[in-house]
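Observations on the three-dimensional arrangement
Each chain, written out:
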Amino acid sequence: MTGFFSARAACRSQRIALRVAAFALTCSITGTACAAAPDAAKTRAYIDRAWSTLTRSMDDCAALTDSKVANHPVLYVPVDFALPPAQADIGKRCGVEVKPLPRKVDRLGDIDATALAQQGLLYLPRPYVVPGGFFNEMYGWDSYFIVLGLVADHRTELAKDMVDNALFEVAHYGGVLNANRTYYLSRSQPPFLTAMMTAVLDDPQSFPNAEARRHWLAQAYPLAVRNYGIWTRPEHLAGDTGLARYFDLGEGPVLEARDSAYYVGVIRWLRAHAKDDPGYLIKASEHPGDAEAAALKASSCDVRASKVCAGAWFDGYRLTADYYRGDRAMRESGFDTNAHYGPFGGSNHHYADVSLNSLLYRYERDLHDFALQLGHTADAGRWSKAAAARKAAMDKYLWQPKDGMYRDYDVVAGKPSPYPYVTTFYPLWAGAASPAQAQAVRKTLPVFERKGGLSMDNRAAGVQWGEPFGWAPTNWLAVSGLDAYGFHDDARRIAGKFMATVDQGLADDGTIREKYNMVLGNADVKVSAGYSENVVGFGWTNGVYLNMQALTAGSVQTTQPTPEHQP
């Protein structure tokens, strides 16, 4: 992987690897002496240093490379945008080819990235914080939790830069993207844009005065509305439920896949677990002739146009076109890879998703609040009605009173998912649950709560978004939601567990990670299906840790949702 890095990025990765290796060597020599005691002060110091390590900008030549692409790096700029004078020489100075996109983008998916001669980075005007490790791009939903951390750490200017970059993506690339790479021009990620805006707007340090704050909101509001439109397009509608689903506007294997290994692994697993195959496999030749290749273009993927597609064959089988649509939707959801929406998340696009619709409810309520602040009363009424309609649909399709939890709804099968998922706490964060619903959801904590915090579910399937693993964003949304509904003891208990897990991981190897083992309460993560790496960094873990620390100290307390948030 580091073979694709610039020299600087490679050195950065090597330094991290050497530090972890040195830590492990010390342990092997000293024995029990290496079992360092977890120390919150050391975690806090690590986070302070990490913000600088994880910050990128278009002025930094090392930030313009892509580990997923082996070719000469390309930086794409919007066709109607001129680089600022200070960056006009970026191509020559950094050895990067600077190209305009082939056309103006009005909506997500307007540019078919498969038609580009080469994939590349998409220009962003301001500095940003990446998740961690080898990443050089700004990611969609990671950015919300990073912004929360930056605000908590009084790095206000950088937090606002992150939000301004997200708004730039909406203005020039059709929406908040999975990340600022051309191969993500067909999909977004969980919609946290208005929550990011709120985090900045609520920080008194973000603007010099009320007039500047209002001016910024007036510019940002129509872009937030435009981004919302992604989720009301026909492709993102979950049948006739009135709810939304995740959906990538591309076809076939994802363009960021460097080879066919992942998809071959899916086929291999399905062949070994035939009874668990929902119909993702079709019989096909390894080297199809022209007639079969033409048929596969509709039933599977285009073997003539995609090397990854061509290589995605095992034991006489290929993957269906519907599986590839689900695979892409799963990546838009951020839960890649999971077993909750079918094996490897391959049926994700069949579901009205609790997480997505909770986020959209919150988004609609935020737009309502922004409209009122700007004096747009008619708009405010429209957003209030949209939120009320979504809550009614969530109550009808997602709320399962017998279980006392929210469940994702399969619109193809016409029934809820049989499996619990930690996203049942998202409606509490969004303010979409009634007090009675919140109380019922709180009673399901034993389904998810482990030594180290909240696990994704209670089914150990070997995927990273499942038992026994837990993540900073899902733990924070649950903690914040519980606290907002008055379950302060539960919120602080879980926050304390998750922070202790992060502290333990740092004590074990000197790093903060992407994900953690909730059963063991450490960073011992062994994923057997899908992505196996536990990336060092890590932006959203840093941000959540700081906010949990403030909450447990009593300096931050989320508020009970107002009646307006319970239409």
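The residue count restarts for each chain, going from 1 along the sequence in the order it is written. Local features in a predicted model are, by the rule used here, given only for residues with pLDDT of at least 70; side-chain atom pairs are given and counted only at 80 or more, and totals for whole chains, interfaces and linings are based on all residues. Side-chain numbers come from the whole structure's heavy atoms, not from hydrogens or water.

1. As for the overall build of the protein chain
The cut-off we apply is this: Only runs of H or I of at least four residues qualify as helices and only runs of E of at least two qualify as strands under DSSP, and these elements are numbered from the N terminus. For the radius of gyration, the atoms used are the C-alpha atoms, and the globule rule reads 2.2 Å times the number of residues raised to 0.38. Residues are treated as being in contact if the distance between any of their heavy atoms lies within 4.5 Å. Values of accessible area rely on a 1.4 Å probe in the Shrake-Rupley scheme; residue burial ignores everything except the protein chains shown.
Within the protein chain, the secondary structure is distributed over 19 helices and 16 strands. In terms of overall dimensions, the protein chain is globule-like: its C-alpha atoms have a radius of gyration of 23 Å, near the 24 Å expected for 567 residues. Projected onto the principal axes, the alpha-carbon positions of the protein chain cover approximately 65 × 55 × 55 Å. Counting only contacts in the protein chain whose residues sit at least 6 apart along the sequence, the fraction spanning at least 24 positions is 73%. For the protein chain, the exposed area adds up to about 21400 Å²; of that, 55% sits on carbon and sulfur atoms.

2. Section: the packing of aromatic side chains
Pairs of aromatic rings are described using the distance from one ring centre to the other and the angle between the two planes. Defined as follows: Geometry of aromatic contacts follows a simple scheme: Phe, Tyr and Trp rings, the Trp one being its six-membered ring, pair when their centres are within 6.5 Å, and the pair is stacked under 30 degrees between planes, edge-to-face over 60, tilted otherwise. Lysine NZ or arginine CZ positioned within 6 Å of the ring centre and within 35 degrees of the ring normal marks a charge as sitting over the ring.
Considering all chains together, one arrives at 42 aromatic pairs under this definition. Judged by centre distance (5.0 Å) and plane angle (70°), the rings of Y144 and F145 are edge-to-face. If you follow R331 out to its NZ or CZ, it ends over the ring of Y262, 5.3 Å from the centre. For R382, the ring lying beneath its charged end belongs to W383, and the centroid distance is 4.3 Å.

3. Thoughts on helix α5 (residues 156–173)
Worth spelling out the cut-off: To estimate how far a helix should extend, the number of its residues minus one is multiplied by 1.5 Å. Note on exposure labels: buried denotes an accessible area under 20% of the residue type's maximum, exposed denotes more than 50%, and partly exposed covers the range between, all computed with a 1.4 Å probe on protein chains only.
For α5, built from 18 residues, the straight-helix expectation of 26 Å at 1.5 Å per residue is met to within 8% by its first-to-last C-alpha distance of 25 Å. Counting buried positions along α5 gives 16 out of 18 residues, so the element sits mostly inside the fold. Remark: G174 follows α5 within two positions and exhibits a positive phi of approximately 95°.

4. Section: the sheet that holds strand β12 (residues 415–416)
Put simply, the test is: Pairing between strands is defined by DSSP: at least two bridges between them are needed.
As summarised here, the arrangement of the 3 strands in space is β8-β11-β12, forming an open sheet in which the pairing is antiparallel. Two strands lie at the open edges of the sheet, namely β8 (351–352) and β12, each paired on one side alone.

5. A closer look at the state of the cysteines
Disulfides are covalent bonds that link the sulfur atoms of two cysteine residues. What counts is decided by this rule: We call a pair of cysteine sulfur atoms a disulfide whenever their separation is within 2.5 Å.
Scanning the entire structure with this criterion turns up 2 disulfides. Two residues share a disulfide in this structure: C61 and C94, whose sulfurs sit 2.0 Å from each other. Between C61 and C94 the disulfide shows an S-S torsion of about -70°. By sign, it is left-handed. Residue C61 is located in the loop between β1 (55–56) and β2 (74–77), and its partner C94 is located in helix α3 (residues 90–94); the two are separated by 33 residues in the primary sequence. The buried category is assigned to C94, whose relative accessible area is 16%. Disulfide connectivity for the protein chain, with bonded cysteines indexed by sequence position, reads 1-2, 3-4.

6. What about the side chain of T337?
Selection rule: Polar contact criterion, stated in full: a pair of N or O atoms within 3.5 Å, where within protein one must be able to donate a hydrogen and the other to accept it, and residues adjacent in sequence count only if both atoms are side-chain atoms.
Among the structural elements, T337 can be located in the loop between α11 (321–333) and β8. Its relative accessible area of 0% is what places T337 among the buried residues. At 3.2 Å, the side chain of T337 and the side chain of Y262 are in polar contact. When neighbours within four sequence positions are excluded, T337 is seen to be in contact with Y262, M330, F344, V463, Q464, W465, G530 and Y531.

7. With respect to the pattern of salt bridges
Test applied: One speaks of a salt bridge when a side-chain nitrogen belonging to Lys or Arg is within 4 Å of a carboxyl oxygen belonging to Asp or Glu.
Under the definition given, this model contains 36 salt bridges. Notably, a salt bridge pairs D153 with R44, separated by 2.6 Å at the nearest N-O pair. Within this pair, whereas D153 is found in the loop between α4 (142–152) and α5, its partner R44 is found in helix α2 (residues 40–53), the two being separated by 109 residues in sequence. Among the salt bridges present, the one from K515 reaches E514, with a minimum N-O distance of 2.8 Å. Classification of K515 as buried rests on a relative accessible area of 0%. For E514, a relative accessible area of 12% translates into the label buried. The network of salt bridges with shared partners includes R442, E449, D490, R493 and K497.

8. Observations concerning the sheet that holds strand β4 (residues 121–122)
Pairing is parallel across the open sheet formed by 3 strands, whose spatial order is β3-β2-β4. In this open sheet, the two edge strands, each paired with only one partner strand, are β3 (97–100) and β4. Bridge count between β2 and β4: 2 bridges; the pairing is parallel. In the sheet register, L75 faces β4, and the bridge partner there is L121.

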